[in-house]
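One letter stands for each residue in the lines below.
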Amino acid sequence: MFEPWKISTKHICAYFFASYLLLAVASATVVQMRVVKETANYGYFGSNVGDTENSNQLIPTVPPANFSGPELLHRLVGKCYNLTQDRYRYTFCPFQNFTQYEISPRWNAYQGILGIWSHWDIQNNTFAAMVLKNGDHCGDIDRSTKITLKCGPNETLLNVTEPSRCEYSAQFSTRYVCHKDALLVYPRLNSELQVEWDHLHTDFHYGDITEKGYLAGLQKIFQKAGLAEISTPKPTETSTTASTFRNGGIFSDLQTCNKEYKNLQNEISKLNMELEAMKLMIDLSKIQNRTNKPIR
């Protein structure tokens, strides 16, 4: 019969020694788990997700405008800068275009042009932002982007936002705008345009022209320098109507048709009023003739 109180110290030591050997053997045969911190980027059907180099080339609708602005920024021509933000990769090629690629395994991931270099947004004698227009269609408008420049040690695309639908805003840092006068407009004009600006400013200072006239004059100077966009005048209502009749009364769109319909309604109303007035005059004339007729 087993009697636990008769277990000696020798038996206890042998028990612990055997347990130690078993633990040592077990720990030697344990395989450590490998923690995978990144998922494999195989994509679907073996393609790389978000690989813009192998993507279809984007086709712009218009060519970019000529280079303009501070001469130091000409060093950025021909270079492109990328930014990965959220699930999109943005590429900014100064004085060329601004594009967006969706990083997604979807077969129809978006890739498109957010704007093509157009002109400068000038405020208070300063190049305030680069304006890129005529991007991909977005409903009834085209995508566009304004990019502001700020001082930085390197050329870096910092962030991209979408303040309103299909109208984007971005910041780009560069060492070429760190001087306090780097973005001033006046020094970049030729002597003839500087003299024109001086005369315009003098007229405004002495009250010969209003602020509205002064700003309009500045806009013309910027357009002559190739810095601002030259707006195309909209056709007048008369020319639209004339072209409509030249086309045999065929309207190009519903808005023009509705406008002409309202104009015709107004003309018909005026003619009806004139017709009623003429009828009234005729009736009065008949009554007068009957009254003045001699009695036999």
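Residues numbered from 1 in each chain as written. Predicted model: local features only at pLDDT ≥ 70, side-chain atom pairs only at ≥ 80, totals over all residues. Heavy atoms only, no water.

Thoughts on the overall build of the protein
Step number 1: On a plain count of helices and strands, the protein comes out with 5 helices and 10 strands.
Step number 2: When each of the 296 residues of the protein is scored for burial, the buried share is 25%.
Step number 3: Partitioning the intrachain contacts of the protein with sequence separation of at least 6 by distance along the chain shows that 44% fall at a separation of at least 24.
Step number 4: For the protein, the accessible area works out to roughly 22300 Å², and carbon and sulfur atoms hold 56% of it. (Helix = DSSP H or I, 4+ residues; strand = E, 2+ residues; numbered from the N terminus. Buried < 20%, exposed > 50% of the residue type's maximum accessible area, 1.4 Å probe, protein only. Contact = heavy atoms within 4.5 Å. Areas by Shrake-Rupley, 256 points an atom, 1.4 Å probe, with all protein chains shown as cover.)

A short note on the packing of aromatic side chains
Step number 1: All chains considered together, the criterion is met by 13 aromatic pairs.
Step number 2: With centroids separated by 4.6 Å and ring planes inclined at 65°, the aromatic side chains of Phe67 and Phe95 adopt a geometry described as edge-to-face. Placement of the pair is Phe67 in the loop between α1 (9-29) and β1 (81-85) and Phe95 in the loop between β2 (88-93) and β3 (97-102), with a sequence separation of 28 residues.
Step number 3: Residue Phe67 is classed as partly exposed on the basis of its relative accessible area of 26%.
Step number 4: Relative accessible area serves as the criterion here: at 3%, Phe95 is assigned to the buried category.
Step number 5: Plain terms: the ring middles of Phe204 and Tyr214 are 4.7 Å apart, the flat faces sit at 15° to each other, and that makes the pair stacked. Taken together, the residues Phe204 in helix α2 (residues 191-205) and Tyr214 in helix α3 (residues 211-224) connect sequence positions 10 residues apart. (Phe/Tyr/Trp six-rings, centres within 6.5 Å; stacked < 30°, edge-to-face > 60°.)

Section: the layout of surface pockets
Step number 1: When its volume is computed, the second largest pocket comes out at roughly 280 Å³.
Step number 2: Lining of the second largest pocket is provided by 15 residues; of these, Ile122, Gln123, Asn124, Leu218 and Phe222 occupy positions nearest its centre.
Step number 3: Where the lining of the second largest pocket is concerned, the elements lending two or more residues are β4 (111-123) and α3. (1 Å grid on protein atoms, 1.4 Å probe; cavity = no way out; pocket = protein on both sides within 12 Å on 5 of 7 lines; lining within 4 Å. Points joined across faces, edges and corners; volume = space filled by probe spheres on them.)

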